[in-house]
Amino acid sequence: MALMASVAVQQVRRLIDGLRRDRRMHPYYGRREYSELAREVAAACEALIDSEPADVPALAQRAVDLVTTALMYLDDSSGIVGDDLHALMAVHARACAATPPDPKRLAAWLAKLRLDGPGWPDFELRDYAAALGENGRAELARVVEDRAKTTEPDLLGRTPFEIRVLREQLAEISGDIDHYIAVLAEDLYAASSYLKIVDALRNAGRTADAERWARRGLGIGNPIDQAKLRDTYVNLLLERGATNEASNMRWQLFDQHPTQTHYHDLRRTAERTGEWPGLRDKAIKRLRDATSGQPAFADHLIGVLVDEG
């Protein structure tokens, strides 16, 4: 049985060897075949987790490294090979969870991927939390802070993205929610940062704090990506029974910007509060008035009328 298992490992290694790509090859040559091989490697590594789990972390890591390098010279405008790399990374994370490798070496490899890689593959430290353990997390934190001391801020004067991501994810897997929020609060650049804080507090049952952070995030000058944060805030209000506040917030935004998207947001909330029958005609009239003043709103009005039948 041991001999058969050894043969299986050797077969996977030979498959992985095929992922090495000559950088002199034309970027378009063999893309489909390369993607098929990457998927075959991922399936083979996945199968080995049950039979020979101790070998899989190193095998999957080598496969990830080879595909990461290949993507620097292979045209992947369709994103297919990138998806294959993501799948390989997921297999590696599962293999590490099943049979954790040396935690400090794992930490060093993850740091190298994020800090020195070409920008891929992406990964979440939560998938490696158990394998890293306390020693791995400490080593990774040391590497990150050492790098932060010697790295210049980006063009906007912020800590480089790669360092911020690792700091945030290390704080997330620490299990200390207040520490996690403190780290996130160091770089409140967009609504998405506030949303992470709100979600963490909400999951911890601290809904009052979650509401407070959501209001703060919706009040920032940068409106990018506020829709998800606003949806979460409205849900928090409805869960608390503050139906008037939730409806008024939706109506105010729709009244200021009478678009089809804001109409649907208003309808979705008003249907939950039971107010929609009385608001429907008022909302459509607001869109008609907006169209009379600015013909560009006609597309929104037509879309709403079609949706309403």
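Reading guide: rules and limits
- Residues numbered from 1 in each chain as written.
- Predicted model: local features only at pLDDT ≥ 70, side-chain atom pairs only at ≥ 80, totals over all residues.
- Heavy atoms only, no water.
- Phe/Tyr/Trp six-rings, centres within 6.5 Å; stacked < 30°, edge-to-face > 60°.
- Helix = DSSP H or I, 4+ residues; strand = E, 2+ residues; numbered from the N terminus.
- Buried < 20%, exposed > 50% of the residue type's maximum accessible area, 1.4 Å probe, protein only.
- Lys NZ or Arg CZ within 6 Å of the ring centre and 35° of its normal.
- Axes fitted to C-alpha atoms, helices over the stretch in contact; angles between N-to-C directions.
- Parallel < 35°, antiparallel > 145°, perpendicular 65-115°, else oblique.
- Left-handed = near helix turned anticlockwise from the far one by under 90°.
- Contact = heavy atoms within 4.5 Å.
- Nonpolar A, V, L, I, M, F, W, Y, C, P; charged D, E, K, R; others polar.

Another point: the packing of aromatic side chains. In total, this model carries 5 aromatic pairs according to the counting rule given. Pairing Tyr194 with Trp213 gives two aromatic rings, centres 6.1 Å apart and planes at 50 degrees, and the pair type is tilted. Placement of the pair is Tyr194 in helix H9 (residues 191-203) and Trp213 in helix H10 (residues 207-218), with a sequence separation of 19 residues. Like Trp213, Tyr194 is buried. One aromatic cluster is present, formed by Trp251, Phe254, Tyr263 and Trp276 through successive ring pairs. Of note, Arg114 hangs over the ring of Phe123, and the distance from its end group to the ring centre comes to 4.5 Å. Stacked on the ring of Tyr189, the Lys or Arg Arg158 has its end atom at 3.9 Å from the ring centre.

Direction vectors running N to C along helix H5 (residues 103-116) and helix H6 (residues 129-150) enclose 40 degrees, while the axes themselves pass 8 Å from each other. On the basis of the axis angle, H5 is oblique to H6. When you trace H5 past H6, the crossing you get is right-handed. Residue-level inspection shows Pro103, Lys104, Leu106, Ala107, Leu110, Ala111, Leu115 and Asp116 of H5 in contact with H6, the latter providing Ala131, Leu132, Asn135, Gly136, Glu139, Leu140, Val143 and Arg147. By residue class, the composition of the contact of H5 with H6 is 10 nonpolar, 2 polar and 4 charged.

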